[in-house]
Amino acid sequence: MGAVGEGIALDVSVSDGAQAVLAVKVRRAKKKELSKLAQEQALVSAMERGRYSSLLAQISRSKMRKVEAALIDQASRMLKSMQPKEGTFLKHKELNHFMKWKHVTIPSGAEEVVQLCDGSADCPCNVGSAQPGELCEVLSDSVADALHGIAPGQVAPDQWLFQALVKAALAAPEGCVWKSGGKFLLTNEDRNQSPTAIVGVLERDNQESAAGKGIRALVAHTEQEYGYRVTAIQLNFHPNHKSSHKQHRDIYGAGQKGGINCTCSFMKCTGTVCYSIGSSRQILCETITDSRSKYETCGEECTGRKTYKWMHSGSAMHFNAPWNNNHTHGDLDASVWCLPSVADETSRAVSYNRGLNASKRVWGYVILYL
Ligand SMILES: [Zn+2]
Ligand SMILES: [Zn+2]
Ligand SMILES: [Zn+2]
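Residues numbered from 1 in each chain as written. Chains lettered and ligands numbered in written order. Predicted model: local features only at pLDDT ≥ 70, side-chain atom pairs only at ≥ 80, totals over all residues. Heavy atoms only, no water.

Caption draft 1: Region of the structure containing the overall build of the chain. For the chain, the helix and strand inventory stands at ten helices and 14 strands. Looking at the chain residue by residue over its 370 residues, the buried ones come to 47%. Of all intrachain contacts in the chain linking residues separated by at least 6 positions in sequence, the fraction that spans at least 24 positions is 78%. Of the roughly 19,600 Å² of accessible surface on the chain, a fraction of 53% belongs to carbon and sulfur atoms. (Helix = DSSP H or I, 4+ residues; strand = E, 2+ residues; numbered from the N terminus. Buried < 20%, exposed > 50% of the residue type's maximum accessible area, 1.4 Å probe, protein only. Contact = heavy atoms within 4.5 Å. Areas by Shrake-Rupley, 256 points an atom, 1.4 Å probe, with all protein chains shown as cover.)

Written out as structure tokens, the structure is:
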């Protein structure tokens, strides 16, 4: 909220003692003070209107603008007593119904299908990369590697983690698995996706919860394997074959320095690792030719280069910042899967493809050995 206009601030103080002096200083209000005041008014009116999603949004804005803690507490207590609107979250009953391991199916078809640009065979998009150092890969068995020694072993590690996460979602209050685009996210009531907040909601009822242990192990694995530090975790729930995640780039926050002695800020590198748990997701990776991308279009007719990749349960996909600049990614609902043969159409029809994705946004300073 930007505050417009001007304001007057009074700094008032009273000294001690019998000869107390009242000092009043009149000055022009600072911009920060005005926007805090405007935010305070927005929070109060959201409390009066009593709509869940706008109150939630105003609370997090108020925290950023340092509105009085007592007012934020009052608003937070009010939010906790409210229910989000029907259809904007996955109810416990629906979680129980949809998120069952037995619904997991594995569609057949090629692991990777590439569609070249329709505009021109010589299109620069068809080269496959726009700059050196781009990385995007699917790795099978990553979840088993990450959970080695953590998952008890009676069932497959991905099944164990899937069931643990569904159990944790059922233990969280109604409304914590909320709709975001074509899928649902599990977070705490503040919708905070920092690793601490995510692990916090998984361990709220039980410090020793399997879900907490599993996600901690995935974080450790991610940091070890890629040399990054995990800064955000997104738990995506895909309850049925209609769920999807539209094409997008990941947004990486402003990187922090690696430490007080760090001199390698120019090597800052960010990336994303996603794990599929109990779901086969078809990921569409597409070249993009906007100003941020290094790809050049071949002309008006350019359709870019599309790569369809399967991420089956237990696998991971990793991509880095240069790749993210030059491509978009998304995961497709079953009606638009790229399945090359007629036989595979049956697989689309019968496949229910339910499951979870856990994606970790990571940043780090890549240690380069030159
Ligand atoms: Zn993404
Ligand atoms: Zn450094
Ligand atoms: Zn083209």
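Now that the structure has been shown, we can carry on.
Caption draft 2: Quick peek at the packing of aromatic side chains. Taken as a whole and judged by the stated rule, the model has two aromatic pairs. Centre to centre, the rings of tryptophan 101 and phenylalanine 162 are 5.5 Å apart; their planes meet at 65°, and the pair counts as edge-to-face. Placement of tryptophan 101 in the loop between helix H4 (92-98) and strand E3 (112-115) and of phenylalanine 162 in helix H6 (residues 157-171) is noted, with a sequence separation of 61 residues between them. Residue class for tryptophan 101 comes out partly exposed when judged on its relative accessible area of 22%. Judged by centre distance (5.0 Å) and plane angle (40°), the ring pair of phenylalanine 319 and tryptophan 323 falls under tilted. Assigned by exposure class, phenylalanine 319 and tryptophan 323 land together as buried. (Phe/Tyr/Trp six-rings, centres within 6.5 Å; stacked < 30°, edge-to-face > 60°.)

Caption draft 3: A nonpolar patch on the surface, seen in detail. Among the surface-exposed residues, Ile8, Leu10, Val12, Val14, Leu22, Val24 and Val26 lie close enough to one another that they form a single nonpolar patch of about 730 Å² accessible area. With four residues, the top contributor of residues to the nonpolar patch is strand E1 (residues 8-14). When you line up the elements, leucine 22 lands in strand E2 (residues 22-28). On the accessibility criterion, leucine 22 (57% relative accessible area) is exposed. (Patch = residues over 30% accessible without salt bridge, like charges linked within 9 Å, V, L, I, M, F, W, Y side chains within 5 Å. Salt bridge = Lys/Arg side-chain N within 4 Å of Asp/Glu carboxyl O.)

Caption draft 4: Layout of the coordination of the zinc ion (ligand 3). Distances from the zinc ion (ligand 3) to its protein donors, Cys117 (SG), Cys123 (SG), Cys298 (SG) and Cys302 (SG), fall within 2.3 to 2.4 Å. Around the zinc ion (ligand 3) sit four donor atoms, and with donor-metal-donor angles ranging over 102 to 115° the site reads as tetrahedral. Donor residues for the zinc ion (ligand 3) sit on one chain with the sequence pattern C-x5-C-x174-C-x3-C. Pair noted here: cysteine 117 is in the loop between E3 and strand E4 (136-139) and cysteine 302 is in the loop between strand E10 (281-287) and strand E11 (306-311), with a separation of 185 residues, a long-range link. (Donors = N, O, S within 2.8 Å, 3.2 Å for Na, K, Ca; no water. Tetrahedral: all angles 85-135°; square planar, octahedral: opposite > 155°, others 65-115°.)

Caption draft 5: Quick peek at the sheet that holds E3. As summarised here, the arrangement of the five strands in space is E3-E11-E10-E13-E8, forming an open sheet in which the pairing is antiparallel. The open sheet has two edge strands with one neighbour each: E3 and strand E8 (245-248). Each strand of the sheet is rotated relative to its neighbour by a mean of 15°, with strand direction disregarded. As judged from the two bridges shared by E8 and strand E13 (residues 327-331), these two strands associate in the antiparallel manner. Paired with histidine 248 across the strands is histidine 329, a residue of E13. (Pairing = 2+ DSSP bridges. Axes fitted to C-alpha atoms, helices over the stretch in contact; angles between N-to-C directions.)

Caption draft 6: Examining H6 more closely. The terminal C-alpha atoms of H6, which comprises 15 residues, lie 21 Å apart, in line with the 21 Å expected from a rise of 1.5 Å per residue. Listed as buried for H6 are Asp158, Gln159, Trp160, Leu161, Phe162, Ala164, Leu165, Val166, Ala168 and Ala169. (Expected span 1.5 Å × (residues − 1).)

Caption draft 7: Structural detail: the packing of H6 against helix H8 (residues 210-226). The interhelical angle for the contact between H6 and H8, taken along N-to-C directions, is 125°, at an axis separation of 8 Å. In terms of their interaxial angle, H6 and H8 are classed as oblique. The crossing of H6 and H8 is left-handed. Touching Trp160, Leu161, Ala164, Leu165 and Ala168 of H6 are Ala210, Ala211, Gly214, Ile215 and Leu218, all from H8. (Parallel < 35°, antiparallel > 145°, perpendicular 65-115°, else oblique. Left-handed = near helix turned anticlockwise from the far one by under 90°.)

Caption draft 8: Structural context of a positive patch on the surface. Positive charge collects at one region of the surface, where Lys25, Lys30, Lys32 and Lys66 lie side by side. Note that lysine 30 resides in the loop between E2 and helix H1 (31-49). (Lys, Arg positive; Asp, Glu negative; His and termini not counted. Charge placed at Lys NZ, Arg CZ, Asp CG, Glu CD.)

Caption draft 9: Here's a closer look at the pairing of strand E7 (residues 229-238). The buried count for E7 comes to eight of ten residues, which makes it a mostly enclosed element. Summarising the sheet, strand E6 (residues 183-186) and E7 pair through two bridges and their orientation is antiparallel. Residue pairing for E7: phenylalanine 184 is matched across the bridge by phenylalanine 237.

Keep in mind these numbers describe shape, not what the thing actually does.
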